[in-house]
Amino acid sequence: MSDQLMDKTMKYSRSLFAEDFSGHDWAHTERVYKIAKNLAQAEGADVLIVSVAALLHDADDRKLFPETWREKANAVSFLHSEGCEPEFIDRVLTIIDEVSFRGTDSVVPTTLEGKCVQDADRLDAMGAIGIARAFTFGGSRSRTMYDPMQNPRSNIDSEAYFASESTTINHFYEKLLLLKDMMNTSAAKEIAAGRHAFMQEFLDEFYAEWEGRL
Ligand code: ADP
Ligand code: NI
């Protein structure tokens, strides 16, 4: 495994996300990298590709980098500057391309490496961390936490998903509660089951307190 490339990628990614307060901070990328690497080892996937792709998976995120996301300019120029082979760059770009949750337009990654990175990114949107990230994101966009008059929508396509301005609790129904059944690897399916149950419990308690249970 190329330690130098890993080192440089880590530094580059850390610098990109140093200033983020929308739930995409460096700590998110670092957790995704660690989980993805574990999944790669468990699944016998290429650990270097998985690690580099995990570290760069949000480098051209549509919401954070509206100018670069189409061409993935950040990831491409970084990997070029490190002298990576075109074939290696293409493999990383395909993984990044296939990683995102896009409602009913989400894709199953075409490679085992992509499956590990997608599962890791989605696991970090679930459980206690996932709940905290959702409310952080909602706060950063001045979203209402909950409004019983706004019915949640499930199974929406990518345009409706990205255009959604609904409450943070509704985000659970638009994305977070759907993730359990969208995992690719068996190790991730097991972790997802526990994190799903925790979110469900959180919602039950949230509604009970909202309705004034003492
Ligand atoms: P990812 O890093 O998994 O690609 P996203 O870019 O979709 O995540 O979003 C970053 C974080 O913010 C995730 O934890 C996600 O669940 C959360 N998030 C995204 N959209 C919303 C929303 N409309 N309301 C609340 N949280 C959101
Ligand atoms: Ni991410």
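Residues numbered from 1 in each chain as written. Chains lettered and ligands numbered in written order. Predicted model: local features only at pLDDT ≥ 70, side-chain atom pairs only at ≥ 80, totals over all residues. Heavy atoms only, no water.

(A) Looking closely at the coordination of the nickel ion (ligand 2). Around the nickel ion (ligand 2), the protein supplies H28 (NE2), H57 (NE2), D58 (OD) and D121 (OD) as donor atoms, at distances of 2.1 to 2.3 Å. Within one chain, the residues donating to the nickel ion (ligand 2) are spaced in sequence as H-x28-H-D-x62-D. Here the residue H28 occupies a position in helix α2 (residues 26-43), and D121 occupies one in helix α6 (residues 112-123), the gap between them amounting to 93 residues. Considered together, H28 and D121 belong to a single accessibility category, that of buried residues. (Donors = N, O, S within 2.8 Å, 3.2 Å for Na, K, Ca; no water. Helix = DSSP H or I, 4+ residues; strand = E, 2+ residues; numbered from the N terminus. Buried < 20%, exposed > 50% of the residue type's maximum accessible area, 1.4 Å probe, protein only.)

(B) Molecular detail of the nonpolar core. Residues V52, L56, L79, F88, V92 and F172 are the most contacted members of the largest nonpolar core, which totals 58 residues. Here this core gets 9 residues from one element, more than from any other, and that element is helix α3 (residues 47-56). In this structure, V52 is in contact with L5, M6, T9, L79, F88 and V92, ignoring residues within four places of it in sequence. (Core = buried A, V, L, I, M, F, W, Y, C linked by side-chain atoms within 4.5 Å. Contact = heavy atoms within 4.5 Å.)

(C) Geometry of the site of ligand 1. Taken together, 14 residues form the shell around ligand 1, and within it H24, H28, K63, R143 and H171 come nearest. Between a nitrogen atom of ligand 1 and a side-chain N or O atom of R143, the distance comes to 2.9 Å. In this structure, K175 approaches ligand 1 through a side-chain N or O atom, which is 3.1 Å from an oxygen atom. Look at ligand 1: alone it shows 550 Å² of surface, and the protein chains cover 94% of it. (Near = heavy atom within 4 Å. Polar contact = N/O pair within 3.5 Å; in protein donor to acceptor, adjacent residues only side chain to side chain. Areas by Shrake-Rupley, 256 points an atom, 1.4 Å probe, with all protein chains shown as cover.)

(D) Here's a closer look at the packing of aromatic side chains. For the structure on display, the rule yields 13 aromatic pairs. When the ring of Y146 is compared with that of F206, the centres are 5.6 Å apart and the planes differ by 85 degrees; the resulting orientation is edge-to-face. One end of the pair, Y146, is in the loop between α7 (127-140) and α8 (158-163); the other, F206, is in helix α10 (residues 186-210), with 60 residues separating them in the sequence. Each member of the pair Y146 and F206 is classed as buried. Of the aromatic side chains, those joined through ring pairs into one cluster are F135, Y146, F172, F202, F206, Y207 and W210. Geometry around F162 places R62 over its ring, the cationic atom sitting 4.3 Å from the centre. (Phe/Tyr/Trp six-rings, centres within 6.5 Å; stacked < 30°, edge-to-face > 60°. Lys NZ or Arg CZ within 6 Å of the ring centre and 35° of its normal.)

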